[in-house]
Amino acid sequence: MISAIDACRVPAGRIRGAGVDLLDHQRFALAARRTGPAWWRRIFDDNEVAAESAVSLAQLFGIKESVVKVVGGLPAGSRYRDIIVGRAGADGVRPIELRGGLARWSDEHGVVLTGGVLPAGDALGPELDLCWAVATETAQ
């Protein structure tokens, strides 16, 4: 089995925090059907919705959940839309842009965030993905 270290590369710098989320695609799809478009608008930036498939949006949600764990919770006044997950590079790593209180947190801690998805595959089931986010120190 491939390890998370082999599967993803994070920017150079000391890791200051990490978060993971186990994404269940069936539960995500059920929540999306039950709550409708208003839920999507609370979670995703318009550019994220335009650029991603439904499966990819579920994975973006898992990455956003991982970011919240890295930060230790959403700061007052922050929303999931304040976490913008960029397109994956060739290595599968996605840059993460933070806005508002989350951006202030990142600046105060001197970190940048990246994230990604490791398909759990047969280890946990075909409907599960392991989503992750890592905060690494910015270059001084």
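All residue numbers refer to position in the chain's written sequence, counted from 1. The predicted nature of this model means local features are confined to residues of pLDDT at least 70 and side-chain atom pairs, given and counted, to a pLDDT of 80 or more, with totals for whole chains, interfaces and linings taken over all residues. With hydrogens and water excluded, all non-hydrogen atoms of the structure serve as input to the side-chain values.

## Concerning the packing of aromatic side chains
Filter applied, for reference: Stacked, tilted and edge-to-face pairs are distinguished by plane angle, under 30 degrees for stacked and over 60 for edge-to-face with tilted covering the rest, among Phe, Tyr and Trp rings (Trp via its six-membered ring) whose centres lie within 6.5 Å. Secondary structure follows DSSP: runs of H or I at least 4 residues long count as helices, runs of E at least 2 residues long count as strands, and numbering of each begins at the N terminus.
Counted according to the given criterion, the structure contains 7 aromatic pairs. With a centroid separation of 5.8 Å and 90° between ring planes, the pair formed by phenylalanine 28 and tryptophan 40 is classed as edge-to-face. One end of the pair, phenylalanine 28, is in helix α2 (residues 25-35); the other, tryptophan 40, is in helix α3 (residues 37-43), with 12 residues separating them in the sequence. Every member of this aromatic cluster is reached through a ring pair, and the members are Phe28, Trp39, Trp40, Phe44, Phe61 and Tyr80.

## A few points about α2
Note the threshold: The buried label applies to any residue whose accessible area, calculated with a 1.4 Å probe on protein chains only, is under 20% of its type's maximum; exposed applies above 50%, and partly exposed to all values in between. The directions from the helix axis to the C-beta atoms are what the arc is built from. Residues are treated as being in contact if the distance between any of their heavy atoms lies within 4.5 Å.
Turning to α2, its buried residues are His25, Phe28 and Ala32. Each buried residue of α2 lies within a common arc of 65° when the element is viewed along its axis, so the set occupies one face. In this structure, α2 carries Gln26, Arg27, Arg33 and Arg34 as exposed residues pointing more than 90 degrees from its buried face. Of the surrounding secondary structure, the elements contacted by the buried residues of α2 are β1 (15-24), α3, α5 (54-71) and β5 (128-137).

## Re the pairing of β5
Where we set the bar: Strand pairing is defined by DSSP finding a minimum of two bridges between the two strands.
Taking burial as the measure, the 10 residues of β5 include 8 buried ones, the bulk of the element. Pairing of β1 with β5 involves 9 bridges; the strand directions are antiparallel. Opposite leucine 22, over in β5, you have leucine 130 as the bridge partner. Pairing of strand β4 (residues 111-119) with β5 involves 9 bridges; the strand directions are antiparallel. Its bridge partner being in β5, proline 119 is matched across the sheet by aspartate 129.

## Some details on the environment of glycine 92
Tracing the chain through its elements places glycine 92 in the loop between β2 (83-85) and β3 (94-98). If we skip the residues at most four places from it in the chain, glycine 92 touches Gly115 and Gly116.

## Examining the pattern of salt bridges
Applicable threshold: Should a side-chain nitrogen of Lys or Arg be within 4 Å of a carboxyl oxygen of Asp or Glu, the pair is scored as a salt bridge.
Under the counting rule described, the total for this entry stands at 8 salt bridges. Where glutamate 137 meets arginine 16, a salt bridge forms, and the shortest distance between an N and an O atom there is 3.0 Å. One end of the pair, glutamate 137, is in strand β5; the other, arginine 16, is in strand β1, with 121 residues separating them in the sequence. What makes arginine 16 partly exposed here is its relative accessible area of 47%. Notably, a salt bridge pairs aspartate 82 with arginine 79, separated by 3.8 Å at the nearest N-O pair. Residues participating in the shared-partner salt-bridge network are Arg14, Arg16 and Glu137.

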